[in-house]
Amino acid sequence: GGISLDPLTIEPTVPLLENHQEDEGMDMDFVAQTLLNDEDPRWMLDGDSDDDDGLKSRLSRQGREISAYALDYEGREGKPQWWRHYAWLECTEEELVDDDNALGGLTFEPSVAPFKLTKRKKKLCYTYTFDTNQMSKLSQMAIEIGSGSPVSLYAIPDPAYVTTEEEEGPLRVALVGMETDRKVGRATLESSAVLPTRLSLIPDEFVNPAPIVKATRNVVTSWVRDPSSAVVDPVFNLLAGTPPRFR
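Reading the values: rules and limits
Residues numbered from 1 in each chain as written. Predicted model: local features only at pLDDT ≥ 70, side-chain atom pairs only at ≥ 80, totals over all residues. Heavy atoms only, no water. Patch = residues over 30% accessible without salt bridge, like charges linked within 9 Å, V, L, I, M, F, W, Y side chains within 5 Å. Areas by Shrake-Rupley, 256 points an atom, 1.4 Å probe, with all protein chains shown as cover. Salt bridge = Lys/Arg side-chain N within 4 Å of Asp/Glu carboxyl O. Helix = DSSP H or I, 4+ residues; strand = E, 2+ residues; numbered from the N terminus. Buried < 20%, exposed > 50% of the residue type's maximum accessible area, 1.4 Å probe, protein only. Axes fitted to C-alpha atoms, helices over the stretch in contact; angles between N-to-C directions. Parallel < 35°, antiparallel > 145°, perpendicular 65-115°, else oblique. Left-handed = near helix turned anticlockwise from the far one by under 90°. Contact = heavy atoms within 4.5 Å. Nonpolar A, V, L, I, M, F, W, Y, C, P; charged D, E, K, R; others polar. Pairing = 2+ DSSP bridges. pLDDT = per-residue confidence, 0-100. Expected span 1.5 Å × (residues − 1). Arc of directions from axis to C-beta.

## Quick look at a nonpolar patch on the surface
Right, on to step 1. A cluster of nonpolar side chains, namely Trp 82, Tyr 86 and Phe 206, defines an oily patch on the protein surface of about 330 Å² accessible area.
Right, on to step 2. By the secondary structure assignment, Tyr 86 is in helix α5 (residues 79-89).

Quick look at the structure:
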């Protein structure tokens, strides 16, 4: 998937945007092709008589090209994190123990019964112990949790300890407590699902790109509708590498 940005496939004349008044329904392929079409008359602007004797000037190709690629940037950038996520799901417990981004081999502590953080909460908290000899970034999160910021993670159940379908993973959990000493670490996980007696933890790296995508598309389509706005827009001038103007 993704936006096609091959300039060789662009028609010599791309129609104007009268039929594309709503950003929500606008075809981003159309917008990208319009930005990359050097023959589109909208990119020919009245020159500044102080700079080029009033000759026509073309809106920066560099700025338009970067803007076109930005329309699909979040979709392309999100793929590596999902590749890594699914690669973790296929790892054995031993491999997760060796991965410093994960925390492997957590065992449920039966001496601490599942509990609720508050009476109103429906989710239960489960206490697990783990070997502190493994070098894991997740085991160093006590400071963040102590500041009142639970850490969102995925729990990967050990198949040998799964007893019900509800315990099959991955399960999204919140790390709400972390204690470590020289021998044993203790992690408290809050979950809406029943957790198995043995599991491993991997990061939850998902960041909702929707606000970024919407803002990018709104700005870029505004430049396509009104190229003169791009001329004075600091963002477009930054993308275009335009030297600053001092008066």
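## Overview of the pattern of salt bridges
Right, on to step 1. In this structure the tally under the stated criterion is seven salt bridges.
Right, on to step 2. Here Arg 61 ties to Glu 65 by a salt bridge, and the two come within 3.3 Å at their closest N and O atoms. Residue Arg 61 and its partner Glu 65 are located together in helix α3 (residues 61-70), separated by four residues, close to a single helical turn.
Right, on to step 3. Relative accessible area serves as the criterion here: at 27%, Arg 61 is assigned to the partly exposed category.
Right, on to step 4. Each of Asp 38, Arg 61, Arg 64 and Glu 65 takes part in one network of salt bridges that share partners.

## A short note on the environment of Arg 182
Right, on to step 1. Relative to the helices and strands, Arg 182 is located in the loop between β6 (171-180) and β7 (184-191).
Right, on to step 2. What makes Arg 182 exposed here is its relative accessible area of 82%.
Right, on to step 3. Between the C-alpha atom of Arg 182 and that of Asp 131, which follows or precedes it by 51 residues, the distance is 9.2 Å.

## Here we look at the packing of helix α1 (residues 28-36) against α3
Right, on to step 1. Between α1 and α3, the shortest axis-to-axis distance is 8 Å and the interhelical angle comes to 165°. Taken as axis vectors, α1 and α3 run roughly antiparallel relative to one another. The two elements α1 and α3 meet at a crossing, and its hand is left-handed. Of α3, the residues touching α1 (which contributes Ala 32, Leu 35 and Leu 36) are Arg 61, Arg 64, Glu 65, Ser 67 and Ala 68.
Right, on to step 2. Taken together, the residues that form the contact of α1 with α3 break down as four nonpolar, one polar and three charged.

## Topic: the pairing of strand β5 (residues 151-157)
Right, on to step 1. Buried residues dominate β5, accounting for six of its seven residues.
Right, on to step 2. Relative to strand β8 (residues 198-203), β5 is paired through five bridges, and the arrangement is antiparallel. What sits directly across from Ile 156, in β8, is Ser 200.

## Remarks on the confidence of the model for the chain
Right, on to step 1. Mean pLDDT for the chain: 79, with 77% of residues reaching 70 or above.
Right, on to step 2. Per-residue pLDDT stays below 50 along residues 1-23; that stretch engages in 45 contacts with residues further than four places along the chain or on separate chains.

## Quick word on the sheet that holds strand β4 (residues 124-131)
Right, on to step 1. Ordered by their spatial adjacency, six strands build a closed barrel running β3-β4-β7-β6-β5-β8, and the pairing between neighbours is antiparallel. This sheet shows a mean twist of 45° between the axes of neighbouring strands, independent of strand direction.
Right, on to step 2. In this structure, β5 lies alongside β6, joined through five bridges in antiparallel fashion. Opposite Val 151, over in β6, you have Leu 175 as the bridge partner.

## With respect to the environment of Arg 225
Right, on to step 1. Looking at where Arg 225 falls in the secondary structure, it is placed in helix α8 (residues 210-225).
Right, on to step 2. Given the relative accessible area of 33%, Arg 225 is considered partly exposed.

## Points about α8
Right, on to step 1. Between its first and last C-alpha, α8 extends 22 Å over 16 residues, near the 22 Å set by a 1.5 Å rise per residue.
Right, on to step 2. The set of residues buried in α8 consists of Val 220, Thr 221, Trp 223 and Val 224. The buried residues of α8 occupy one face: seen down the axis, they fall within an arc of 150°.
Right, on to step 3. Against the buried residues of α8 lie α1, α3, α9 (227-232) and α10 (234-240).

## So, the packing of α1 against α8
Right, on to step 1. α8 packs onto α1 with a crossing angle of 50° between their chain directions and a minimal axis gap of 10 Å. By the criterion of interaxial angle, the relationship of α1 to α8 is oblique. Note on packing geometry: the crossing formed by α1 with α8 is left-handed. Between α1 and α8, the residues in contact are Met 28, Val 31, Thr 34 and Leu 35 and Arg 217, Val 220, Thr 221 and Val 224, respectively.
Right, on to step 2. Classifying every residue of the contact of α1 with α8 by side-chain character gives five nonpolar, two polar and one charged.

## Some remarks on the pairing of β4
Right, on to step 1. With six of eight residues buried, β4 lies mostly within the body of the structure.
Right, on to step 2. Taken together, the two bridges between strand β3 (residues 103-108) and β4 define a ladder with antiparallel strand orientation. By the bridge assignment for β4, Thr 107 is matched with Thr 129.
Right, on to step 3. As paired elements, β4 and β7 share eight bridges and run antiparallel to each other. Among the inter-strand pairings, Cys 125 is bridged to a residue of β7, identified as Glu 190.

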